[in-house]
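Observations on chain architecture
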Amino acid sequence: MSKKIVLLPGDGIGNEVIQAAKDVLTAVAEEFNHTFSYQTEEIGGSAVDNHGTPLPKQTVDACKEADAILLGAVGGPKWDSYPSHLRPEKGLLGIRKTLGLFANLRPVKGFKHLLHASPLKEDVVNGSDLLIVRELTGGIYFGTPSERQNDGQSVVDTLAYSKEEIERIVDKAFQCAQLRRKHLTSVDKANVLESSKLWREVVEEKKASYPDVAVEHLLVDAAAMKLITNPNQFDVIVTENMFGDILSDEASVLTGSLGMLPSASLREDGVGLYEPVHGSAPDIAGHGVANPLAMILSTALMLRHTFHLEHEAQLIESAVKEVLDQGYHTPDLQLANGKKIGTEAMTEKIVEFIKSESASKSIMSCYA
Ligand code: IPM
Ligand code: MG
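Overview of the structure. (Residues numbered from 1 in each chain as written. Chains lettered and ligands numbered in written order. Predicted model: local features only at pLDDT ≥ 70, side-chain atom pairs only at ≥ 80, totals over all residues. Heavy atoms only, no water.)

Proteins that are soluble and globular tend to have nonpolar side chains buried together. In terms of nonpolar packing, the biggest core is built from 69 residues, with Leu70 and Leu303 touching the most fellow members. The two domains that each donate at least three residues to this core are domain 1 (1-102 + 267-368) and domain 2 (105-144 + 156-263). Leaving out residues up to four positions away in the same chain, Leu303 has contacts with Leu25, Val28, Phe36, His308, Leu309, Glu312, Ala313 and Ile316. Leu115, Ile132, Val187 and Ala223 belong to the second-largest nonpolar core, a separate cluster that totals 19 residues. (Core = buried A, V, L, I, M, F, W, Y, C linked by side-chain atoms within 4.5 Å. Buried < 20%, exposed > 50% of the residue type's maximum accessible area, 1.4 Å probe, protein only. Domains from an automatic or database assignment. Contact = heavy atoms within 4.5 Å.)

Right, here's the structure in full:
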């Protein structure tokens, strides 16, 4: 298979983790006879510095031509005081919206050697395995620009959703649940917000089309509490943009490390942007110690969701599990009797596993 991949390293550790993803994909391409071509473009703070905008036209044009996009991370203290249209995050929001990437999948599953690093009790987090399906191109993040106001004395942000926008993300979440443990929790604030009332109605309407999936509604405040007191009750969570942003960071503590969480942002035709959930970590950028595993796991999601290469995706996921089982870890992770290594050495370990013959015999998927 021959595919065009656009690489958007962005800021901070973005360059290092994107290089790791590329090395892993090169190994996969060699082992399985695929051809992946790469084009690197700028986004975020580095694009502001070099082009005066966080999302240059050239980047948008390249992404529109791509089969898939890999993004490192955007942002850093350097740009914190910039006006809102020049903030690195605007580049990320802009590319999600421009490409129509409405479905954000954030799988949260701990690796057993890391669970003790969670601030939560091990018996609470043990066995948790959930998928957050976050609406990504609507809601308060994208309220009509003319309605977004700030005159210094009063401010307005608008939360708008069309029924169609809710329907397509709810459908996606039901379909994800069908491939997993067939349990869907819809999270809203229907006791207060009109948008949530419509959200709940849509979920109720859609239920009939997915009779094999059990559905539950939870208010977002209760969901936030249950996520850390009884995470095992969740399989798939579907929610609107901002609730999903908040709950997915909260859920990351279940795994013991934010450095391990991948994400996929998809549209209906399968085109997707894949990025780690973690940020640009400017404090360690350039030191060769960034954890590349969330980015590497994001490439596995790309192989699965956009290229339908399930075997290759599972191979990468098994490699990550195996390397952690062997005790290798980057400095952000605390592993008892572990062997601390840097970004390149960690990537090399993953590549070695992919190339080793035993790999194809011991595949066990971590994320569906
Ligand atoms: C995320 C991030 C972004 C978001 C920021 C960087 C705009 O927090 O991907 O979760 O809020 O969507
Ligand atoms: Mg976030």
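We now examine the sheet that holds strand S10 (residues 236-239). Spatially, 10 strands are ordered S2-S1-S3-S12-S11-S4-S5-S10-S8-S9 in an open sheet, and the strand pairing comes out mixed. Looking at the sheet topology across the chains shown, the edges are occupied by strand S2 (35-40) and strand S9 (214-219). Between one strand axis and the next, the sheet turns through 25° on average, direction left out of account. The sheet contact formed by strand S3 (residues 68-73) and strand S12 (residues 272-276) spans three bridges and is parallel. Looking at the pairing, Leu70 lines up with Tyr274 of S12. Along the sheet, helix H9 (residues 241-252) makes contact with strand S4 (103-109), strand S5 (129-135), strand S8 (183-188) and S10, crossing S5 at roughly 155°. (Pairing = 2+ DSSP bridges. Helix = DSSP H or I, 4+ residues; strand = E, 2+ residues; numbered from the N terminus. Axes fitted to C-alpha atoms, helices over the stretch in contact; angles between N-to-C directions.)

Right, let's talk about the pattern of salt bridges for a bit. Overall, the coordinates contain 22 salt bridges when judged by the stated rule. A salt bridge links Arg200 to Asp188, with the nearest nitrogen and oxygen atoms 2.8 Å apart. In this pair, Arg200 is assigned in helix H7 (residues 194-207) and Asp188 in strand S8, connecting sequence segments 12 residues apart. Classification of Arg200 as partly exposed rests on a relative accessible area of 25%. Residue Asp188 is classed as buried on the basis of its relative accessible area, which comes to 1%. Via salt bridges that share partners, Asp129, Arg180, Arg181 and Asp235 belong to a single interconnected network. (Salt bridge = Lys/Arg side-chain N within 4 Å of Asp/Glu carboxyl O.)

Bringing the site of ligand 1 into the picture now. Ligand 1 sits among Glu89, Arg96, Arg106, Arg134, Tyr141 and Asp245. For ligand 1, an oxygen atom lies 2.8 Å from a polar atom in the side chain of Arg134. A distance of 2.5 Å separates an oxygen atom of ligand 1 from a polar atom in the side chain of Tyr141. In isolation ligand 1 has 320 Å² of accessible area, and contact with the protein removes 76% of it. A breakdown of the residues in the shell around ligand 1 according to their chemical character gives one nonpolar, no polar and five charged. (Near = heavy atom within 4 Å. Polar contact = N/O pair within 3.5 Å; in protein donor to acceptor, adjacent residues only side chain to side chain. Areas by Shrake-Rupley, 256 points an atom, 1.4 Å probe, with all protein chains shown as cover. Nonpolar A, V, L, I, M, F, W, Y, C, P; charged D, E, K, R; others polar.)

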